Amino acid sequence: MGSIGLEISEGVAVLTVDAPEVRNGLTPAMGRELADACDTVDADRGVGAAVVRGAAGTFCSGADRRTWNPGADQAEDGAFRDTGAVYGAFRRVGTLAVPTIAAVRGAAVGAGLNLMLATDLRVVARNARLIAGFLRIGLHPGGGFFTIAHRTAGREAASALGLFGEEIDGTRAAELGLAWRAVDDAEVEDTALALAAVPAKDPDLAREAVRSFRTETGPPGLPWDAAVEFERATQMWSQRRRGTQ
């Protein structure tokens, strides 16, 4: 019922959500597999960046409803753990030790939008469909949606998507700051890989830089004076190593 692909080339890991029969909906098993793939990436010190994509021209349609029984007791141990496996998957992507990019084609819906927002940077197709969709199906948002949407594009965008069910395309996402760049559908993955190639040239430095980026920007972020001191030791390390390379 779907799988997670992992390919590593020239310092870039490509993580692929692969369940095209349900537009790459995530099952709990896939969530656990994605977390395991992230562990593999972190353990490979030759990896300096990661790209998250979906198979067959779409990103992720959210949770695979074939494995979801809305009438079941969601607090029952097995059901609770399965939900946690899906939430934990994009949380794990968000804690990868390397800079991450989402390459978004087709649609990112619900948990798929969370997966997109878990990354450090997003490249989207101009015609991509971005939908939170929780309230549309009678669900409260999950997975920390409001936090990760707000940190990326602010209060207005988080409200429009999460409270009012607004749908946006890739062009609008870039305008709002939810994505770095909106490009033609056929250019999405090549653009993401080209961006990933820059930090991948120096994996050790990339890992240190993204650690600083996430710590300083939060939420919560660091005040400027604290950030100056936080960066200083790592910048000194980077200066010293330049003289030995």
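Residues numbered from 1 in each chain as written. Predicted model: local features only at pLDDT ≥ 70, side-chain atom pairs only at ≥ 80, totals over all residues. Heavy atoms only, no water.

Participant: When you look at the sheet that holds strand 3 (residues 49-54) in this model, what are you seeing that I'm missing?
Facilitator: Sheet strands associate in pairs through backbone hydrogen bonding, adopting either a parallel or an antiparallel arrangement. In spatial order, the strands read 1-2-3-4-6-9; together these six strands make up an open sheet with mixed pairing. Strands at the two margins of the open sheet, each flanked by one partner only, are strand 1 (3-9) and strand 9 (181-183). Recorded for the sheet is a direction-independent mean angle of 20 degrees between the axes of neighbouring strands. This element, helix 6 (residues 188-200), spans strand 2 (12-18), strand 3, strand 4 (100-104), strand 6 (121-125) and strand 9 of the sheet and lies at about 165 degrees to strand 3. (Pairing = 2+ DSSP bridges. Helix = DSSP H or I, 4+ residues; strand = E, 2+ residues; numbered from the N terminus. Axes fitted to C-alpha atoms, helices over the stretch in contact; angles between N-to-C directions. Contact = heavy atoms within 4.5 Å.)

Participant: Looking at this model, I keep getting lost on the pattern of salt bridges. Mind explaining?
Facilitator: Pairing of side chains with opposite charge becomes possible as their charged atoms draw close. Considering all chains together, one arrives at 14 salt bridges under this definition. Between Arg32 and Asp82 there is a salt bridge, and its shortest N-O distance comes to 2.9 Å. A residue pair is termed long-range when its members are at least 10 positions apart, and Arg32 in helix 1 (residues 28-43) and Asp82 in helix 2 (residues 77-94) qualify at 50 residues. In this structure, Arg92 engages Asp42 in a salt bridge whose closest nitrogen and oxygen atoms are separated by 2.6 Å. Remark: Asp42 occurs in helix 1 and Arg92 occurs in helix 2; sequence separation between them is 50 residues. There is no split in this pair, since Arg92 and Asp42 are both buried. (Salt bridge = Lys/Arg side-chain N within 4 Å of Asp/Glu carboxyl O. Buried < 20%, exposed > 50% of the residue type's maximum accessible area, 1.4 Å probe, protein only.)

Participant: Explanation requested: the pairing of strand 4 in the structure shown.
Facilitator: Along any regular strand the residues' side chains alternate between the sheet's two faces. The buried count for strand 4 comes to five of five residues, which makes it a mostly enclosed element. Taking every second residue as pointing to the same face, both faces of strand 4 are buried, with Thr100, Ala102 and Val104 on one and Ile101 and Ala103 on the other. Where strand 3 and strand 4 come together, three bridges link them in parallel fashion. Bridge pairing in strand 4 links Val51 to Ile101. The sheet contact formed by strand 4 and strand 6 spans four bridges and is parallel. Bridge pairing in strand 6 places Ile101 opposite Leu121.

Participant: Mind showing me how you'd approach the nonpolar core here?
Facilitator: Residues Phe59, Val104 and Met116 are the most contacted members of the largest nonpolar core, which totals 59 residues. Apart from residues no more than four positions distant in its own chain, Met116 is found in contact with Phe59, Ala102, Val104, Ala108, Arg122, Leu130 and Leu178. (Core = buried A, V, L, I, M, F, W, Y, C linked by side-chain atoms within 4.5 Å.)

Participant: Any chance you could explain the sheet that holds strand 5 (residues 107-109) here in plain terms?
Facilitator: The strand order across the open sheet formed by three strands is 5-7-8, and the pairing between neighbours is mixed. Bordering the open sheet on either side are strand 5 and strand 8 (167-169), each of which pairs with just one other strand. Taken over all neighbouring pairs, the strand axes of this sheet differ in orientation by 15 degrees on average, direction set aside. Note that strand 5 and strand 7 (residues 129-131) share three bridges and pair parallel. Following the sheet pairing, Ala108 is matched in strand 7 by Leu130.

Participant: Where do I start with the side chain of Asp42 in this structure?
Facilitator: Looking at Asp42, its side chain comes within polar contact range of the main-chain nitrogen of Ala97, at 2.8 Å. If we ignore the near neighbours within four places in the chain, the residues touching Asp42 are Arg92, Thr95, Leu96, Ala97 and Arg207. (Polar contact = N/O pair within 3.5 Å; in protein donor to acceptor, adjacent residues only side chain to side chain.)

Participant: Any chance you could explain the confidence of the model for the chain here in plain terms?
Facilitator: Parts of the model with low pLDDT should not have their predicted coordinates read in detail. On average, residues of the chain score 94 in pLDDT, and 97% of them are at 70 or above. The least confident element of the chain is helix 2, whose mean pLDDT is 86; the most confident is strand 4, at 99. (pLDDT = per-residue confidence, 0-100.)

Participant: It is not clear to me how the packing of helix 7 (residues 203-217) against helix 8 (residues 224-242) should be interpreted in this structure. Could you clarify?
Facilitator: In a pair of packed helices, the angle between the axes and the distance between the axes together describe the arrangement. Contact geometry of helix 7 with helix 8 gives a least axis separation of 11 Å together with a crossing angle of 175 degrees. Looking at the two axes, helix 7 sits roughly antiparallel to helix 8. Contacts from Asp204, Leu205, Glu208, Arg211, Ser212, Thr215 and Glu216 in helix 7 reach Ala227, Phe230, Glu231, Thr234, Trp237, Ser238 and Arg241 in helix 8. (Parallel < 35°, antiparallel > 145°, perpendicular 65-115°, else oblique.)

Participant: Mind showing me how you'd approach the layout of surface pockets here?
Facilitator: Unfilled space is identified by rolling a water-sized probe across the atoms. Its volume calculated, the second largest pocket comes out at about 640 Å³. For the second largest pocket, the lining is made up of 22 residues, of which Gly94, Ala118, Arg151, Gly218 and Pro219 are closest to its centre. The set of elements that each furnish at least two residues to the lining of the second largest pocket consists of helix 2, helix 3 (111-117), helix 4 (145-162) and helix 7. Tallied by class, residues from the lining of the second largest pocket come to seven nonpolar, ten polar and five charged. (1 Å grid on protein atoms, 1.4 Å probe; cavity = no way out; pocket = protein on both sides within 12 Å on 5 of 7 lines; lining within 4 Å. Points joined across faces, edges and corners; volume = space filled by probe spheres on them. Nonpolar A, V, L, I, M, F, W, Y, C, P; charged D, E, K, R; others polar.)

Participant: Sorry, what's going on with the side chain of Arg53 here?
Facilitator: Here Arg53 lies in strand 3. Separated by 3.2 Å, the side chains of Arg53 and Glu189 make a polar contact. When near neighbours in sequence (up to four residues on either side) are disregarded, Arg53 contacts Val14, Leu15, Thr16, Val17, Phe59, Ala103 and Glu189.

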